[in-house]
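# Descriptive analysis of the structure
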Amino acid sequence: MSASHDQQPAAPPSRAAVAGVVSFYLVAAITMVIANKWVLNTTKVPLFFLFVQLVIAVLLLWASHALRVLRVPQFNIHTAKGLWQLIAVNVAGLSFNNYCLKYVDASFYQVARGLVLPITVAISYFVLHSRPSKPVLAACAIVCLGFFAGVKPGEAAPSSIGVFFGILSSITTALHAVVIKRSLEVVDGSAMDLAYYSNLLSAAAFVPLIVLVGELPDVLELLLASPPAEFRTFVWGGLITGVFGFLICIAGFLSIKVTSPITHMVSAAVRGVLMALLGYWFFADALTSGRIFSISLILLGSVLYTWFKNQEARAVAATHASQNYTPLSSVVTQGVQESKGGDVMFDADARSPTRSGAGGRRSGELPR
């Protein structure tokens, strides 16, 4: 057989495959946020709740490895040490995410964390000296306008502490976009290995953190003396979010193969709208005209940002096609896309590997 036949490009995924993966990801991500909010409304141990989710995800990864569905790497202490920056950012980000969701409405969660995109662009400028284009700055300005329109005092004003944790969550998510590239180098570019180490090491890191923040007495009370209804809510919530967190990881890997950055961001926009409606339905969240305007601006800016970055990446790829060149400036700024709405359990509601590289494709792919 000739070389030309051996190297034929793979056929593009069908519309049914794209629709199926996007729908799978939407359902899993929305279920994560709704179930998290359901438990956080009643529990006094949000960090222990995260620990339970991570442990369940690790157990499911082990089970998938045993069934030969996924490949889990053999634990290596040197690899674990090389990932300490990622684990620190991951633990802080997950904690801030949960505290933010605890203190704000589910429909407002995306607004409270709305500065992820502009902060990511700013960090990429100062750390990587990547100067954003004017269209990208315009998209970031729209997102900032949406954020400040949503957090201003007035009708249905959000919790100040919830907004504070939302800003911290945005910062850690943006930092994650910087740390992720170094971390992938530690695991030889394997996103699945990174998913496993991130879940396992983050779960271990939460054990001393739970003690340090003073949750241990409340954990013992929950396990030994809590009302049956509260305990059942915690158990079912932990099981649901643990399973769906694992499914989001799988959905992320499937999305690598069948979706483009534009498709991914449009699905994130749809998720934002659905979250606002479901928050109103499940939790009787206030859905004022001002909140709807704020959410719309953030989604508009995010979609425009993705469109502009995709166009820039295509132009650069066309220019450097013969050199097999990947611009460093496109590596970090694409990482924000998983955090929208979202997120290897790096984010509370989008826990799959971050998109990076030219054109916004995610690093790594499913093991064969």
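The numbering scheme is per chain: residues are counted from 1 as the chain's sequence reads. In view of the model being predicted, local features appear only for residues whose pLDDT reaches at least 70, and side-chain atom pairs are presented and counted only at 80 or more, with totals across whole chains, interfaces and linings using the full set of residues. Hydrogens are left out, water is left out, and the side-chain values use all remaining heavy atoms of the structure.

### Thoughts on the overall build of the protein chain
Convention followed: Only runs of H or I of at least four residues qualify as helices and only runs of E of at least two qualify as strands under DSSP, and these elements are numbered from the N terminus. Under the scheme applied here, a residue whose accessible area is under 20% of the maximum for its type counts as buried, over 50% as exposed, and between as partly exposed, the area being computed with a 1.4 Å probe on protein chains only. Residue burial considers only the protein chains on display, and all accessible areas are found by Shrake-Rupley using a 1.4 Å probe.
Broken down by element type, the protein chain carries 15 helices and zero strands. A burial count over the protein chain gives 52% of its 368 residues as buried. Element-wise, carbon and sulfur atoms account for 67% of the exposed surface of the protein chain, whose accessible area totals about 16400 Å².

### Quick look at the confidence of the model for the protein chain
Just so we agree on the cut-off: Here pLDDT means the predictor's own confidence in every residue, given as a number from 0 to 100. Contact between two residues is taken to exist if any of their heavy atoms lie within 4.5 Å; hydrogens are not considered.
For the protein chain, mean pLDDT is 79; residues scoring 70 or higher make up 77% of the total. Scored below 50 in pLDDT, residues 328-350 shows 125 contacts in the model against residues more than four places distant or in partner chains. A low-confidence stretch, residues 353-368 (pLDDT under 50), is modelled with 74 contacts involving residues beyond four sequence positions or located in other chains.

### Side note on the state of the cysteines
Put plainly, a disulfide is one covalent bond tying together the sulfur atoms of two cysteines. For clarity, the cut-off: Two cysteine sulfurs form what is called a disulfide whenever their separation falls within 2.5 Å.
Enumeration according to the criterion identifies zero disulfides in this entry. Note on Cys 140: no disulfide assigned, nearest cysteine sulfur contributed by Cys 144 at a separation of 6.6 Å. On the basis of relative accessible area, Cys 140 is assigned to the buried category, the value being 6%.

### Brief notes about the nonpolar core
Which entries qualify depends on this criterion: As used in this record, nonpolar core signifies buried Ala, Val, Leu, Ile, Met, Phe, Trp, Tyr and Cys residues forming a set joined through side-chain atoms within 4.5 Å.
Ranked by internal contacts, the top residues of the largest apolar core, which has 56 residues, are Phe 48, Leu 83, Leu 194, Phe 206 and Phe 234. In terms of residue count, the dominant contributor to this core is helix H5 (residues 84-103) (eight residues). Core analysis: the second largest hydrophobic core is formed by seven residues, Leu 61, Leu 70, Tyr 196 and Phe 246 among them.

### Side note on unusual backbone geometry
Even without glycine at this site, Arg 68 takes up a positive phi of about 65°. When you line up the elements, Arg 68 lands in the loop between helix H3 (46-66) and helix H4 (77-82). The phi dihedral of Asp 188 is positive, around 55°, even though this residue is not glycine.

### Some thoughts on the packing of H3 against H5
Applicable threshold: Every axis corresponds to a line fitted to the C-alpha atoms, with the helix fit spanning only the stretch in contact, and the corresponding angles, defined between N-to-C directions, vary from 0 to 180 degrees. Put simply, angles under 35 degrees are roughly parallel, angles over 145 are roughly antiparallel, angles from 65 to 115 are roughly perpendicular, and the rest are oblique. Crossings are assigned a handedness: left-handed for a near helix turned anticlockwise from the far helix by less than a right angle, right-handed for a clockwise turn. Charged residues are taken to be Asp, Glu, Lys and Arg, nonpolar residues to be Ala, Val, Leu, Ile, Met, Phe, Trp, Tyr, Cys and Pro, and polar residues to be all remaining types, Gly included.
Contact geometry for H3 and H5: axes closest at 10 Å, N-to-C directions at 125°. By the angle between their axes, H3 is oblique relative to H5. The way H3 lies across H5 gives a crossing that is right-handed. On H5, the residues that touch Pro 46, Leu 47, Phe 49, Leu 50 and Leu 54 of H3 are Leu 94, Ser 95, Asn 98 and Tyr 99. Tallied by class, residues from the contact of H3 with H5 come to seven nonpolar, two polar and no charged.

### Overview of the pattern of salt bridges
Heads up, the rule is: Salt bridge, as used here, is a side-chain nitrogen of Lys or Arg placed within 4 Å of a carboxyl oxygen of Asp or Glu.
Counted according to the given criterion, the structure contains five salt bridges. Note that Arg 291 and Asp 105 form a salt bridge whose closest N and O atoms lie 3.0 Å from each other. Here the residue Arg 291 occupies a position in helix H14 (residues 289-319), and Asp 105 occupies one in the loop between H5 and helix H6 (109-112), the gap between them amounting to 186 residues. By relative accessible area, which is 27% here, Asp 105 ends up partly exposed.

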